[in-house]
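Residues per chain, in single letters:
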Number of protein chains: 4
Amino acid sequence: MSSIFGTLFRISSWGESHGKGIGVVIDGCPPLVPLTESDIQEALDRRRPGQSSITTPRSEKDGVQILSGVFEGKTTGTPISLAVFNEDQRSSDYTEMREKFRPSHADFTYQEKYGIRDYAGGGRSSARETIARVAAGAVAEKILKMSRGIEVRAFVRSIHEIDAPEGLDFPAREAVESTPVRCPHSETAERMIARIKEVRDQGDSVGGVIECRVKGLPTGWGSPVFDRLEADLAKAMLSLPATKGFEVGSGFEGTRMTGSDHNDPFEMRGGVVSTTTNRSGGVQGGISNGEELVFRIAFKPTATVRKNQKTVSRSGENTELAAKGRHDPCVVPRAVPIVEAMTALVLIDHGMRHHAQTAAFAIPQE
Amino acid sequence: MSSIFGTLFRISSWGESHGKGIGVVIDGCPPLVPLTESDIQEALDRRRPGQSSITTPRSEKDGVQILSGVFEGKTTGTPISLAVFNEDQRSSDYTEMREKFRPSHADFTYQEKYGIRDYAGGGRSSARETIARVAAGAVAEKILKMSRGIEVRAFVRSIHEIDAPEGLDFPAREAVESTPVRCPHSETAERMIARIKEVRDQGDSVGGVIECRVKGLPTGWGSPVFDRLEADLAKAMLSLPATKGFEVGSGFEGTRMTGSDHNDPFEMRGGVVSTTTNRSGGVQGGISNGEELVFRIAFKPTATVRKNQKTVSRSGENTELAAKGRHDPCVVPRAVPIVEAMTALVLIDHGMRHHAQTAAFAIPQE
Amino acid sequence: MSSIFGTLFRISSWGESHGKGIGVVIDGCPPLVPLTESDIQEALDRRRPGQSSITTPRSEKDGVQILSGVFEGKTTGTPISLAVFNEDQRSSDYTEMREKFRPSHADFTYQEKYGIRDYAGGGRSSARETIARVAAGAVAEKILKMSRGIEVRAFVRSIHEIDAPEGLDFPAREAVESTPVRCPHSETAERMIARIKEVRDQGDSVGGVIECRVKGLPTGWGSPVFDRLEADLAKAMLSLPATKGFEVGSGFEGTRMTGSDHNDPFEMRGGVVSTTTNRSGGVQGGISNGEELVFRIAFKPTATVRKNQKTVSRSGENTELAAKGRHDPCVVPRAVPIVEAMTALVLIDHGMRHHAQTAAFAIPQE
Amino acid sequence: MSSIFGTLFRISSWGESHGKGIGVVIDGCPPLVPLTESDIQEALDRRRPGQSSITTPRSEKDGVQILSGVFEGKTTGTPISLAVFNEDQRSSDYTEMREKFRPSHADFTYQEKYGIRDYAGGGRSSARETIARVAAGAVAEKILKMSRGIEVRAFVRSIHEIDAPEGLDFPAREAVESTPVRCPHSETAERMIARIKEVRDQGDSVGGVIECRVKGLPTGWGSPVFDRLEADLAKAMLSLPATKGFEVGSGFEGTRMTGSDHNDPFEMRGGVVSTTTNRSGGVQGGISNGEELVFRIAFKPTATVRKNQKTVSRSGENTELAAKGRHDPCVVPRAVPIVEAMTALVLIDHGMRHHAQTAAFAIPQE
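Let me sum up the structure you'll find in this document. None of these values were measured; they are calculated from a predicted model. (Residues numbered from 1 in each chain as written. Chains lettered and ligands numbered in written order. Predicted model: local features only at pLDDT ≥ 70, side-chain atom pairs only at ≥ 80, totals over all residues.)

## So, the overall build of chain A
Defined as follows: Numbering goes from the N terminus for both helices and strands, where a helix is a DSSP run of H or I of at least four residues and a strand is a run of E of at least two.
Counting its secondary structure elements, chain A contains 9 helices and 18 strands. Principal-axis analysis of the C-alpha atoms places the extent of chain A at approximately 75 × 50 × 40 Å.

If you want it as structure tokens, here you go:
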């Protein structure tokens, strides 16, 4: 079940980096949603490389096609098949990638698990696979917004040792998109960009932290025990390439507070039960409490660097390896739309599950 | 599906804090595993309160019963039903809990989601539910160890602002159990205990971080894309009460390194492909690489404190609340066996899935 | 996943014939459903043996207990654990069952699959396991009726070579229950009873066919392609012990008609799209069409007979076996409430899934 | 989940009759299986129309493409995406299909469920969707055969009122394919062909029964309780368009026997526990017993007939409808490879599940 995600709004992802294409099938999408290829293309364009001076200069068009599930401009409730076909399957020289395991990549583990691996451009383990997630997530995001006014917003919180200041709240998408590093705090963004260029010139790479916020989430989504909203978000985020951590609300810092300081007091605000602080991050007991959902994801520095590294060959000999060509010195900015996509996928699924359990069978109450 | 966990080794949890009991049904357990109630009781005894001066003084026997699935001392491959019946369903006064939402608890969200909640002792949202996890995890842990020699070891890394020093490696269980705070570094443990007593006397609480390590894990477990080993671990950990974060390997700190420093170089060691460092935490591309699995979980300070807190009532009026009776000032030490249990459940499931895909149908290779 | 059934309204069954008890955990039940033990007991009483002269004279009380998920008389949306504990775990002599495989039972296949089996009274393969299904089904049936007015009615259509006449429509439950054979056509019922007594006196057994009808089903339940309503019903029915076939609407007989005779013409009736015949059995394209749901299930003659039979021993020697004690010469009448239970479980799950996809996210239409 | 099938070997189907194409994504396929497009094309060619004088004369090429999951001629263990693109999306006049509900088709129920339907050629409800099943099934069938020597063989048992004689055992594929009606009894086949031509000339249609047998199945596949092998086969078969019934072994006829006649006595044969008869159809207690698996599926007469039929329009008016063009007067022969495909999909999934539970974790036995 490794390439299928979700319970009711299910996506099935396929494709390799240098194969015929990347695609996704959405099963369980609500009917009657207006949907065009440009709805999805817009999200894909935010994900693809070559967008700015700080990302990889490869320019890929990544044009999406809707192959099924939409009729006369609307979803029909049947599977939506989306595909991005590779325009040119580059005939690079992969001899070195075939023979040597790239450090901190998936080359060795795929080989061990399956006894075979598609080594061309990383095959299935390439971050190009996230095209499928972004495409499906764009559909989910549109439904959340059209039907419920729910908005998902991710942005870069830190790059390497450069942190954006606290208190960015829920930034406008324009603010996020205004710099190539996708940090809405412009002064910090400039320093981040400088740092990325610096490590790039050294043939090195850096990582960072993305924060994601959700506005307009109703109370009651998520479930007790195993399928807590934050548990499914954690799984979704840790399923992304290069992620090493997830935290919700106060996160790891919260462990250094006392309970009386950490608790979120309730108060009535405009006739609604609200909290005066939001260290819970919008979930209590695994269920949304009506406050903003807030979580962060740690992305390690890109594993591909031009510096020389020690490794071993497939035949078990110690050797060395240095990446050729140009590579992304920092994938974090490009991961912003991917984080939003996975968030939307988790939310729509939980929304459907919540309604199935609590609204499908109303019981007359005395 | 909120109370069912796993794909092949599936557990179904039930029960409320002050109801008739807590239990779990394991579906898909391998047959022919020697299993007695004392195998499970041992794990439960590590979880239960009243073990030491720093935990809640309530003494609960929590005696487990095997209700099905074991015949003449061995598992039969059919569902194993385990139950811990409550000996006395205490007739406490729950009037206040019925009327007021405890801050940073699940009272409000359960009420919003379902329109009803079992408020006695927290009902389903009580940490007493983790009895089910520990009982099922004990079975998984026994199988991992007997069949594969895999060992799971969790311990307390930090309490409040007190951190254990780096480099604890894989501590012996005896070292972990030697102090009530379950930190194997004895000097640190003493300071942690002092801090817990201090906040307890102030009617307050603290949180902390648990680290979990797994030794003996084969290469190849875990899957590409959505069901990465660390993704399923993240979900498992964030499904635990009071958790706010998860990180694997270098985690959030790793985002502050450069790629060339962060990557784990491969080398041949004793004829085996190994890494010289382990910032990956034992997984690459979602699949185990043969190194020790290492991850950490953030637990917030206990929400129940004796200090007075602002909150609202069910009828929507601002009010105040202070917990009565004695409560755990720090749940982190008791969460150690729970973390181990969830880890074992994730691992056995992935082990079964790995073998299903790669070993059930061997294809003759030319 | 063999003992878990359902997608959203999920049940997890456990227990063996002569073990400590039989039980079931329901995950995903809607909240606020009034539920008492007697709601469930009523269904169990219809299932249990010893009800009449034609069933096994063993009298089992099978008293059900609600162990969780109900608070102050209503479901809370959390798991409902139901258990029937065995009052006396009889100390019969099972030496012969341990050593010899009963023909057309599951003794041999369980032994082959697992290398171990609970041979006491058939263990997990005993029809006593259906207690779990009936208990869970009673909850589903109550919800379907209270919330939507949906009624499920099964009855005996044939026993051995004795068929009830066509045209019984939707019989009243009283009519079904008026004879121990649960055939609402009283004259046929008498002949069936006579036949059952006859084979019983010969130490033999007979099978038969149950028909099940559902009234009040809305249009739109069920899904295209794999999760057709009739596909999930077929699975549910073939999962019952002793079943050998399933047919919906015209069934196997329908294969002997021409298309022009077989098709169900549509017509407007009382302003509603209706069909003039119902050879479709209430489903078209896997989705309910608003007509009565009609399907039938074939039950083989009970495998346990007092007549002497050839078989082999566990050690691989040819031998003979004759059942001792008194056994049900015909399980078909007792299977009626079990068929109803499984039907209710399939329907509530599909109702929840339908609602999740089509109602949770309404999209404003121009 | 309506378009996803399977637990470990999972397929995700997409596409509409007159859309851009039909496809399927296989998740969980074992690695290192040699696989080419022609392996799959062969099965698709058996399914497609235009093969003979008795099927629809439309000639569709249905050329399959492997879009992912195969590298240097072998499966890699990652998702296999298969697609058949429509060569010409015919610009037929669908005005009548848009306005009128075809009797005993899915037009009305799709419209009711989703509020929208792709009416072009039946859209998602078209039998053309089975291309996805046959393509995925071909992969499963190849693995079953290469790895375990398991063979799946379906054939036509009856057409309308014409039955093949009993005792056809396990026919050679050549015998099945030797006539366009896919009945291996040549004399019966001729009569079937004549009947089909006769009804075709009357603008009418007929149905029939397919029998499927599996040779070489190991003991132990399938599970107790809900996921019995025959239960999952029943679901798979009833998920096919136009099916109305399923029976295994003695089936409905078996209900007319006594237990002592119906039971399959065990005997030792060549050192192996065997049965002297096979009324069980190869499964006992839901688990394969080493005998041939035998089951039958009822297909109703094709709903599309040229004769005039009563129906209603989308706007709720009584009207009439007669199919134009040429249509398959009998789909049963073309359903033979589809039945084989679904059977292979169920078997490989159960094989993987069996292995996961019983072989992944061997426990040292004293």
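## Regarding the interface of chain D and chain C
Size of an interface: often given as the accessible area lost when the parts come together. Heads up, the condition is: Two residues qualify as a contact pair if the distance between their C-beta atoms, derived from the backbone, is within 7 Å. Residue type decides the class: Asp, Glu, Lys and Arg count as charged, Ala, Val, Leu, Ile, Met, Phe, Trp, Tyr, Cys and Pro as nonpolar, and the leftover types, Gly among them, as polar. Here, a strand pair is defined by DSSP locating no fewer than two bridges between the strands.
Of the residues lining the interface, 90 residues belong to chain D; the matching set on chain C comes to 90 residues. Across the side of chain D that touches chain C, the residue classes tally to 33 nonpolar, 38 polar and 19 charged. As defined by bridge partners, strand β11 (residues 243–248) of chain C adjoins strand β11 (residues 243–248) of chain D across 3 bridges and the pair is classed as antiparallel. By the bridge assignment, G245 of chain C is partnered in β11 of chain D with E247 of chain D.

## Side note on the interface of chain B and chain A
The interface is formed by 90 residues belonging to chain B together with 90 residues belonging to chain A. Across the side of chain B that touches chain A, the residue classes break down as 33 nonpolar, 38 polar and 19 charged.

## Remarks on helix α1 (residues 37–47) of chain A
Put simply, the rule reads: Three classes are used. A residue is buried when 20 or more other C-beta atoms lie within 10 Å of its own, exposed when 12 or fewer do, and partly exposed in between, with C-beta atoms placed from the backbone. Throughout, the arc means that of the directions going from the helix axis to the C-beta atoms.
Listed in full, the buried residues belonging to α1 of chain A are I40, A43, L44, R46 and R47 of chain A. For α1 of chain A, the angular spread of buried residues about the axis comes to 160°, placing them on one side.

## A word on the packing of helix α7 (residues 229–238) of chain B against helix α9 (residues 332–358) of chain B
Residue and element names in this part refer to chain B. In plain terms, the rule: Note on definitions: angles span 0 to 180 degrees between N-to-C directions of axes, and those axes are lines fitted to C-alpha atoms, for helices only across the stretch in contact. Put simply, a crossing is left-handed when the front helix is turned counterclockwise from the back one by less than a right angle, and right-handed when it is turned clockwise.
At a minimum axis separation of 10 Å, α7 and α9 run at an interaxial angle of 145°. As α7 packs across α9, the resulting crossing turns out to be right-handed. Along its contact with α7, which presents L229, D232, L233, A236 and M237, the element α9 presents V339, M342, T343, L345, V346 and H350. Looking at side-chain class alone, the contact of α7 with α9 contains 8 nonpolar, 2 polar and 1 charged residues.

## Examining the environment of P241 of chain C
With respect to the helices, strands and loops of the structure, P241 of chain C is situated in the loop between α7 (229–238) and β11. Sequence-wise, P241 of chain C and S126 of chain C are 115 residues apart; in three dimensions their C-alpha atoms are separated by 8.2 Å.

## Section: the relation of the copies chain B and chain A
Our working definition: The superposition of copies rests on a least-squares fit of C-alpha positions from residues with pLDDT of 70 or more in both.
Under the fitted operation, chain B is carried onto chain A by 0.0 Å of movement along the axis and a turn of 180°, and the coordinates agree to an RMSD of 0.0 Å. In symmetry terms, the pair is related by a two-fold rotation axis. Interface overlap between copies: 100% of the residues of chain B at the interface are likewise at the interface in chain A, consistent with a symmetric, same-surface contact.

## Looking at unusual backbone geometry
The phi dihedral of S104 of chain A is positive, around 60°, even though this residue is not glycine. Here S104 of chain A shows up in the loop between α2 (95–99) and α3 (107–114). In this structure, V225 of chain C is a non-glycine residue whose phi angle is positive, near 65°. Tracing the sequence through the fold places V225 of chain C in the loop between β10 (208–215) and α7.

## Let's talk about the relation of the copies chain D and chain C
Expressed as a screw operation, the relation of chain D to chain C combines 0.0 Å of axial shift with a rotation of 180°, fitting to an RMSD of 0.0 Å. Of all interface residues in chain D, 100% are interface residues in chain C too; the two copies therefore contact each other through one and the same surface.

## Points about helix α3 (residues 107–114) of chain B
For an α-helix the count is 3.6 residues per turn, leaving residues at separations of three or four pointing the same way. Among the 8 residues of α3 of chain B, 7 are classified as buried, and the element is accordingly described as predominantly covered. Those residues of α3 of chain B not exposed but buried are D107, F108, T109, Y110, E112, K113 and Y114 of chain B. Buried residues along α3 of chain B sit in contact with β12 (266–269), β13 (272–275), β14 (283–284), β15 (287–288) and α9 (332–359) of chain A. Following α3 of chain B by one or two positions, G115 of chain B adopts a phi angle in the positive range, close to 75°.

Scope: geometric values only; no functional claims are made or implied.
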